[in-house]
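# Understanding the architecture of this molecule
Single-letter residue listing:
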Amino acid sequence: MISIRHRAGVNLARNIKTAMNFRIPFHRVNWVNTSFLFVITTLGVIAAPIFLYLHDLNWIMWSMFAFYMVATGLSITLGYHRLFSHLSFKAKWPVRLGTLIFGACAFENSVLHWVSDHRRHHKHTDHDEDPYDITKGFFWAHIGWILFKLDAEQPMDNVKDLRRDALVRFQDKYYVLIAFLVGLIFPAVVGYFAMGGMVGALAGFLIVGALRVVLVQQSTFFINSLCHCVGNQPYSTRCSARDSWIMALVTYGEGYHNYHHEFQHDYRNGVKPWNFDPTKWTIMLLHKLGLVSNLRRVPTSKIVAAEMKEAQRKAEVRLAELAAQDGTLCEHAVARVNELIEKLKENLNEFETSFSESLESSRETLKRWRRETRALMSGLGELRLRSA
């Protein structure tokens, strides 16, 4: 206990010293991004609440705020992310145009730049080439990488497929104009007529514009930061990505980040029926309407195999940790978990064989594996309680 506290104290002192010696590299600040984010955040966090305290909004303005929240949020998650970055499905021009227009209104850059950064993130997750590498710290992954350009600008040679789309080229060329006109000025114009006069215009600009931009941006930023720090890793521990159902609630289903990093081309992030994934549901609706097609899905067998291997790995790691401790644990519980681990190994071999032979047998294997995996995790939980 003393050594743990000592190490914690040393680390704290080191962090304080680093903070005191920290110097902002002003010559590397991206002043355009920094200035805009400072202004829009100030307007959204300070000016907008003051305005709401002083003035009441009518139902038209609240309806427009809700529409813009959903339209810009889904344009990032459904459009920028799952459609353009990962090619998880194909979309007809109305869907592409809509997500490009309202995606610009989120002020998160043009789709070409957004996708280029995101594809590098997946290719180099947790390494230097990752634009929002979490190993450089929470602040860097959250927003620092936007404020500072510490490395040479990366070539955009990973979006050649998107450059063939005329709508994408149009949005990239006129991104700033679209963002300001549709994202800030248009809500102000509607507010002017809907509420009457400059108070209505200010309502549109501050609430539908600035406040909404801040909320949408922060939800995106937290995926890059928080979902690489907090949550579960049921599918893989090869990188820092984690599943967070809390983040899924405020990001239209993007919070299931561990699944997404393991199976990035799946149009679903929340793959389980009970997972909250409005982006997935919207894609399914658009598919029924004939507006999108070629939905890419990871086979259930591959998902189950990943869960099985990860559950087995975690159990083995935990047992190794327990074995290194004093013999204060229930030997029967340890033996039981060892037995279940061996059963998982057998199930994995049986699962791979049965899936190649017949669909029905693979389903039965899935059901049995799920029961035994729950028993394994329950046994592991019992060990944790007994060791506490």
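No experiment lies behind these values; they were computed from the predicted model shown.

## Considering the packing of aromatic side chains
For the structure shown, the criterion picks out 15 aromatic pairs. For the ring pair Tyr 132 and Trp 145, a centre distance of 4.7 Å and an interplane angle of 50° mean the geometry is tilted. Linking Tyr 132 in the loop between helix H5 (111–123) and helix H6 (138–147) with Trp 145 in helix H6, this pair joins segments that are 13 residues apart in sequence. Accessibility classification places Tyr 132 together with Trp 145 in one group, the buried group. Consider the rings of Phe 276 and Trp 281, whose centres lie 5.6 Å apart with planes at 85°: the pair is edge-to-face.

## A word on the nonpolar core
Judged by nonpolar contacts, the single largest core of 40 residues is most densely connected at Phe 84, Phe 89 and Ile 207. For this core, the secondary-structure elements that each account for two or more residues are helix H2 (31–54), helix H3 (59–85), helix H4 (93–104), H5, helix H9 (175–225) and helix H12 (278–288). Element by element, the count of residues in this core is highest for H3, at twelve residues. Excluding residues within four positions of it along the chain, Phe 89 makes contact with Leu 78, Arg 82, Leu 83, Tyr 267, Ile 283, Val 292, Ser 293, Asn 294 and Leu 295.

## A word on the pattern of salt bridges
A full pass over the atoms with the stated rule returns ten salt bridges. Note that Asp 161 is salt-bridged to Arg 119, the shortest N-O span being 2.9 Å. Remark: Arg 119 occurs in helix H5 and Asp 161 occurs in helix H7 (residues 160–163); sequence separation between them is 42 residues. Here Lys 136 makes a salt bridge to Asp 128, at a shortest N to O gap of 3.8 Å. With a relative accessible area of 34%, Lys 136 lands in the partly exposed category. The network of salt bridges with shared partners includes Arg 82, Glu 254 and Asp 277.

## Regarding the packing of H2 against H9
Following both chains from N to C, one finds H2 and H9 inclined at 130°, their axes separated by 9 Å at the closest point. Judged by the inter-axis angle, H2 sits oblique to H9. Handedness of the crossing formed by H2 with H9: left-handed. Here the residues of the contact of H2 with H9 are counted per class, giving 21 nonpolar, three polar and no charged.

## So, the environment of Pro 94
Looking at where Pro 94 falls in the secondary structure, it is placed in helix H4. Pro 94 sits in the partly exposed class, given a relative accessible area of 39%. Between the C-alpha atom of Pro 94 and that of Leu 291, which follows or precedes it by 197 residues, the distance is 7.9 Å.

## Concerning unusual backbone geometry
Positioned with a positive phi, Asp 126 is a non-glycine residue whose angle comes to about 70°. If you trace the backbone, Asp 126 turns up in the loop between H5 and H6. For Asp 126, a relative accessible area of 18% translates into the label buried.

## Let's talk about the confidence of the model for the chain
Of all residues in the chain, 79% have pLDDT values of 70 or greater, and the mean over the chain is 85. Low pLDDT (under 50) marks residues 1–22, which in the prediction has zero contacts with non-local residues, meaning those over four places away or in another chain.

## Thoughts on the side chain of His 261
Within the fold, His 261 resides in helix H11 (residues 257–262). Classification of His 261 as buried rests on a relative accessible area of 13%. Within polar-contact distance, the side chain of His 261 engages the side chain of His 121 at 3.2 Å. Apart from the residues within four sequence positions on either side, His 261 is in contact with His 121, His 122, Thr 125, His 228, Cys 239 and Ala 241.

## Here we look at the packing of H3 against H12
Where H3 meets H12, the axes come as close as 10 Å, and the angle between the chain directions of the two elements is 75°. Overall, the two elements H3 and H12 adopt an arrangement that is roughly perpendicular. Contact residues: H3 offers Leu 74, Thr 77, Leu 78 and Arg 82, while H12 offers Thr 279, Lys 280, Thr 282, Ile 283 and Leu 286. Residues of the contact of H3 with H12, tallied by class, amount to four nonpolar, three polar and two charged.

## Things to note about the state of the cysteines
By the definition in use, this model includes zero disulfides. With no disulfide of its own, Cys 227 lies closest to Cys 229 among cysteine sulfurs, the gap being 9.2 Å. With relative accessibility at 0%, the residue Cys 227 sits in the buried group.

## Observations concerning a nonpolar patch on the surface
On the surface, Phe 170, Tyr 174, Val 176, Leu 177, Phe 180, Leu 181, Ile 185, Val 189, Tyr 192, Phe 193 and Met 198 cluster together to form a nonpolar patch covering roughly 1100 Å² of accessible area. Ranked by residue count, the leading element in the nonpolar patch is H9, at nine residues. Mapped onto the secondary structure, Phe 193 falls in helix H9. In this structure Phe 193 comes out as exposed when scored by relative accessible area, which is 68%.

The rules behind the values
- Residues numbered from 1 in each chain as written.
- Predicted model: local features only at pLDDT ≥ 70, side-chain atom pairs only at ≥ 80, totals over all residues.
- Heavy atoms only, no water.
- Phe/Tyr/Trp six-rings, centres within 6.5 Å; stacked < 30°, edge-to-face > 60°.
- Helix = DSSP H or I, 4+ residues; strand = E, 2+ residues; numbered from the N terminus.
- Buried < 20%, exposed > 50% of the residue type's maximum accessible area, 1.4 Å probe, protein only.
- Core = buried A, V, L, I, M, F, W, Y, C linked by side-chain atoms within 4.5 Å.
- Contact = heavy atoms within 4.5 Å.
- Salt bridge = Lys/Arg side-chain N within 4 Å of Asp/Glu carboxyl O.
- Axes fitted to C-alpha atoms, helices over the stretch in contact; angles between N-to-C directions.
- Parallel < 35°, antiparallel > 145°, perpendicular 65-115°, else oblique.
- Left-handed = near helix turned anticlockwise from the far one by under 90°.
- Nonpolar A, V, L, I, M, F, W, Y, C, P; charged D, E, K, R; others polar.
- pLDDT = per-residue confidence, 0-100.
- Polar contact = N/O pair within 3.5 Å; in protein donor to acceptor, adjacent residues only side chain to side chain.
- Disulfide = S-S within 2.5 Å.
- Patch = residues over 30% accessible without salt bridge, like charges linked within 9 Å, V, L, I, M, F, W, Y side chains within 5 Å.
- Areas by Shrake-Rupley, 256 points an atom, 1.4 Å probe, with all protein chains shown as cover.

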